[in-house]
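# Overview (structure and organization)
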Amino acid sequence: NTCAAFMAAMLAQGRGHFIHVGSPASLMPWPGATAYTASRWALRGLHEALCMDVVGTGLKSSLVYFGEVSSEYFEANPGSHEHIPAIGGWIPPSTPERCAEVLMSVARRPRRVTFHPFALRLMWWAARAAPATTRWLIAHTGRKHHR
């Protein structure tokens, strides 16, 4: 809805930039986060579709993936931190201030996809190179639902 609200004015200007903040869950889903993962995949799909729709218009769409952010999110969503697979511990958390710097960098110099921190990009590369191994690690180090 937000993109739709600004699209006409941005198209009329012939310039503009949508910046979406995604999650590694849309690249490497983990146990116990089905609804969260589905929403992050939807955002990824929106970004990918926008990239195609704005070709030649002067508009840009960027998707920024952050690892864990040391914010109030986990306090406001009890139990969500425990869903992060243990291998996620290999990616150092970022402060909200550092995330803001990354977003400002993307605003100044648009990129289709940005990963922060760099360790998250390395994990994505590993997931693409060895998808079955990565899925196994995530499945076996993430929290499962038990009946």
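Let me begin by describing the structure that accompanies this report. (Residues numbered from 1 in each chain as written. Predicted model: local features only at pLDDT ≥ 70, side-chain atom pairs only at ≥ 80, totals over all residues. Heavy atoms only, no water.)

## Description of the overall build of the protein
Where we set the bar: The secondary structure listing takes helices from DSSP runs of H or I that are at least 4 residues long and strands from runs of E that are at least 2 residues long, numbered from the N terminus. Only protein chains enter the accessibility calculation, which uses a 1.4 Å probe. A residue is then buried if its area is under 20% of the maximum for its type, exposed if over 50%, and partly exposed in between. We call two residues contacting when some pair of their heavy atoms lies within 4.5 Å.
The helix and strand inventory of the protein stands at six helices and three strands. Seen in sequence order, the protein has helices and strands lined up from the N terminus as α-β-α-β-α-α-β-α-α. Projecting the C-alpha coordinates of the protein onto the three principal axes gives extents of approximately 55 × 30 × 30 Å. Looking at the protein as a whole, 34% of its 147 residues are labelled buried. Taking the intrachain contacts of the protein between residues at least 6 apart in sequence as the baseline, contacts between residues at least 24 apart amount to 72%.

## Notes on helix α5 (residues 118-129)
Cut-off, in case you're wondering: Each residue after the first adds 1.5 Å to the expected span of a helix.
For α5, with twelve residues, the first-to-last C-alpha span of 17 Å sits near the 16 Å given by 1.5 Å per residue. The inward-facing, buried residues of α5 abut β2 (59-66), β3 (113-116) and α6 (131-141).

## Comments concerning the sheet that holds strand β1 (residues 16-22)
Put simply, the test is: Strand pairing is assigned whenever DSSP detects at least two bridges linking the two strands. Between N-to-C directions, angles cover 0 to 180 degrees, with each direction set by a line fitted to C-alpha atoms, over the stretch in contact for helices.
In space, the three strands of this open sheet follow the order β1-β2-β3, with parallel pairing throughout. In this open sheet, the two strands that pair with only one neighbour each are β1 and β3. In this sheet, adjacent strand axes meet at a mean angle of 20° when their direction is disregarded. Summarising the sheet, β1 and β2 pair through seven bridges and their orientation is parallel. In the strand pairing of β2, His20 is matched with Leu63. Across the sheet, helix α1 (residues 2-13) is in contact with β1 and β2; its angle to β1 comes to roughly 155°.

## Details of the packing of aromatic side chains
Spelled out, the test is: Each pair of aromatic rings taken from Phe, Tyr and Trp, with Trp reduced to its six-membered ring, is defined by centres within 6.5 Å and is described as stacked if the planes are under 30 degrees apart, edge-to-face if over 60, and tilted in the remaining cases. Definition used: whenever NZ (Lys) or CZ (Arg) falls within 6 Å of the ring centre and also within 35 degrees of the ring normal, the charge is taken to sit over that ring.
According to the stated counting rule, one finds three aromatic pairs in the structure shown. On the basis of an interplanar angle of 85° and a centroid distance of 5.9 Å, the ring pair of Phe118 and Trp125 is categorised as edge-to-face. When its relative accessible area of 42% is taken as the criterion, Trp125 is described as partly exposed. The positively charged end of Arg44 is found above the aromatic ring belonging to Trp41, 5.0 Å away from the centroid.

## Focus: the environment of His47
Under the convention used in this document: In the analysis that follows, any N or O atom pair within 3.5 Å is treated as a polar contact, provided that within protein one partner can donate a hydrogen and the other can accept it, and provided that, for residues neighboring in sequence, both atoms belong to side chains.
Of note, His47 is situated in helix α2 (residues 34-53). You can call His47 buried: its relative accessible area is 0%. Taking the C-alpha atoms as reference, His47 lies 17 Å from Tyr36; in sequence the two are eleven residues apart. Residues in contact with His47, not counting those within four places in the same chain, are His20, Ser61, Ser62, Leu63, Arg112 and Val113. Engagement of the side chain of His47 in a polar contact is seen with the backbone oxygen of Arg112, the distance being 3.2 Å.

Coordinates in, geometry out; function isn't part of it.
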